[in-house]
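# Topology and contacts: notes
Here is what each chain is made of, one letter per residue.
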Amino acid sequence: MKYLIALDAGTTSVRAFVYDLAEKKFVYRAQQEVGQSFPQPGWVEQDADEIYYKAAYVLNDCLRFAGEKEVAGVGFTNQRETTVLWDRETGEPICPAIGWQCRRTSDWCRALDDATKALVRARTGLVPDAYFSASKILWDLEHIPAAKRLLAEGRLCAGTVDSYLIFKFTEGRSFVTDVTNASRTMLYNIHTLDWDEELLARFGIPREILPEVRACDARFGEISLRDRVLPIAGLAGDQQAALIGQGCLEVGEGKITYGTGLFLLFSTGARAIASSNGLLTTIGCRIGGRTMYALEGSAFHAGSGVQWLRDGLGLIPNAAETQTLAESVPDSGGVVFVPAFTGLGAPYWDAEARALFAGITRGTTRAHLVRAVLESIAFEARELVDCIRAEGVNISLVRCDGGASANDFLMQCQADVLGVPVDRPQERESTALGAAMLCALSLGLVDLHSLPEYRFAGQVFMPNFARKDVCEAEYRTYRTAVRRALLRPEE
Ligand code: ADP
């Protein structure tokens with residue numbers, strides 16, 4: 001009987017899981033919170049050293065649990081885009097890591113000329129934005145004196161959280177990343193599978209400071225902990241790991257993660273589809289020498305609307321209560337909510353849009369407001385799924401995960417609004433399961449075709465076609481409300 005360990009270095013916590021391959025389930029989990037700091041409005045920073053120490057702590061904890069049992073290896077997954085610069089000789093970070101949500105480089109991105117924007121789009125599949133790592137690296141190179149000095153001395157390393165952790169765990173022997181993490185830097189050519197020379201030259205980022213890029217099922221080095229030497233086998237960014245954990249390998253298969261925000265990732269197989277709707281083209285994974293591409297859409301706010309009902313308005317005692325309240329009324333009584341707290345993403349890309357409730361009457365109750373908030377999540381997902389469908393991808397089933405996927409009302413509403421079944425697995429930690437699966441693939445313990453056998457359907461919500469017309473009408477009302485939420489709806 002073999003154990004595997006999955007390490008998930010997330011934004012707010014680092015977690016490690018012990019996976020029992022024979023039993024096909026997690027048997028132990030350890031978690032440590034990690035801090036974020038917000039030194040200026042719109043800025044987000046993290047301490048890479050803290051992430052490393054906490055990752056070591058949770059890994060140790062898992063190995064303590066494993067005791068004498070055989071542990072075959074460790075698979076990694078991580079928050080994407082967050083950027084770390086460190087000294088190749090000491091392994092120490094030279095400045096705070098710039099978080100993926102950090103907006104400090106927005107102006108730089110906006111100022112890029114059209115030719116560069118088009119080049120970024122064509123080579124990397126991304127819409128140029130402060131979200132991705134390239135502008136974060138450039139910000140550090142310009143503002144951190146040690147970055148310039150180490151660059152001149154040939155000692156500078158720049159990478160995402162995975163690269164930094166692996167560098168530390170291997171004591172500098174491995175300076176590596178994987179294709180999915182690389183595809184979020186705005187520097188990686190997703191077609192040739194290499195750092196893009198032209199983009200590197202345009203941005204003035206030397207290739208030498210970037211890690212070597214490997215496939216998701218590659219070996220990434222060895223880690224020594226508690227008298228054991230374990231291979232670091234398997235790596236993918238968190239959303240991509242979730243896609244693998246959900247067993248989505250065929251064209252049109254995909255998952256929606258209902259967390260603070262909403263993240264959709266759908267496989268497009270061997271074809272990288274350039275979206276005309278503002279979706280991102282990204283690498284889903286590279287396994288067994290084959291690259292799978294995906295379309296990605298995200299909405300900034302989903303579960304955060306529920307958090308706001310609880311913490312901002314004090315309207316509900318806890319998130320789970322939204323289900324009972326929403327089910328206590330037959331509909332939202334004409335109330336619509338648009339969760340544009342900090343703007344709207346695809347297909348609107350309006351940073352100035354703001355949230356609103358519309359359709360309130362004297363008959364409106366707390367239950368109507370709550371129901372409208374949950375419905376807005378399903379409508380956001382519908383808009384993004386429609387964008388993916390518009391690219392010619394047929395979607396006949398949706399797999400779900402994330403905190404808010406625990407809400408049965410929301411999942412049923414989602415099935416009705418999309419008109420396809422919504423499949424919620426027993427194990428909602430799809431990200432960690434993806435890392436465990438990549439580890440098993442990398443070590444040759446499972447093969448790609450058997451991957452879906454490791455995912456167990458928990459509940460499948462079937463669309464209620466009797467509600468089709470009502471849902472369509474409600475969705476149209478939602479879209480009208482979205483136009484009111486936009487700063488410049490006429491554009
Ligand atoms: P993240 O990984 O983004 O921190 P999680 O996947 O842990 O998010 O999900 C947390 C989010 O899900 C919170 O915004 C919370 O409001 C929401 N949430 C949790 N449980 C429920 C529920 N039963 N119904 C609706 N929303 C929920």
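Below, the structure is looked at part by part. For clarity, every value in this text was computed on a predicted model and none was experimentally measured. (Residues numbered from 1 in each chain as written. Predicted model: local features only at pLDDT ≥ 70, side-chain atom pairs only at ≥ 80, totals over all residues. Heavy atoms only, no water.)

## Considerations on the pattern of salt bridges
This structure, assessed with the given rule, holds 35 salt bridges. Among the ionic pairs, Arg-29 bridges to Glu-429, the shortest N-O distance being 4.0 Å. Here the residue Arg-29 occupies a position in strand β3 (residues 25-33), and Glu-429 occupies one in the loop between β22 (422-425) and α14 (430-442), the gap between them amounting to 400 residues. For Arg-371, the salt bridge is made with Glu-375, and the minimal N-O distance between the two is 3.1 Å. Pair noted here: Arg-371 and Glu-375 are both in helix α12 (residues 366-390), with a separation of four residues, about one helical turn. (Salt bridge = Lys/Arg side-chain N within 4 Å of Asp/Glu carboxyl O. Helix = DSSP H or I, 4+ residues; strand = E, 2+ residues; numbered from the N terminus.)

## Some thoughts on the site of the ligand
Around the ligand lies a shell of 13 residues, among which Thr-260, Gly-303, Gln-307, Gly-403 and Asn-407 are the nearest. Contact between the ligand and Gln-307: an oxygen atom at 3.5 Å from a side-chain N or O atom of the residue. Between the ligand and Asn-407, the relevant distance is 3.0 Å, taken from a nitrogen atom to a side-chain nitrogen or oxygen of the residue. Contact with the protein chains hides 67% of the accessible area of the ligand, taken as 580 Å² for the molecule alone. The greatest single-element share of the shell around the ligand, amounting to four residues, is contributed by helix α10 (residues 303-312). Taken together, the residues of the shell around the ligand sort by class into four nonpolar, nine polar and no charged. (Near = heavy atom within 4 Å. Polar contact = N/O pair within 3.5 Å; in protein donor to acceptor, adjacent residues only side chain to side chain. Areas by Shrake-Rupley, 256 points an atom, 1.4 Å probe, with all protein chains shown as cover. Nonpolar A, V, L, I, M, F, W, Y, C, P; charged D, E, K, R; others polar.)

## Thoughts on empty space enclosed by the protein
In this structure the tally under the stated criterion is two cavities of 30 Å³ or more. The calculated volume of the largest cavity comes to roughly 100 Å³. For the largest cavity, the lining is made up of 13 residues, of which Ala-299, Leu-344, Gly-345, Ala-346 and Glu-380 are closest to its centre. Elements with a minimum of two residues in the lining of the largest cavity: β18 (290-299) and α12. At three residues, α12 tops the list of elements feeding residues into the lining of the largest cavity. Classifying every residue of the lining of the largest cavity gives seven nonpolar, four polar and two charged. Of the volumes computed, that of the second largest cavity is approximately 80 Å³. Along the wall of the second largest cavity there are 13 residues; nearest its centre are Gly-159, Thr-160, Thr-185, Trp-195 and Pro-211. Every element with two or more residues in the lining of the second largest cavity is listed here: α4 (133-143), β8 (156-160) and α7 (179-182). (1 Å grid on protein atoms, 1.4 Å probe; cavity = no way out; pocket = protein on both sides within 12 Å on 5 of 7 lines; lining within 4 Å. Points joined across faces, edges and corners; volume = space filled by probe spheres on them.)

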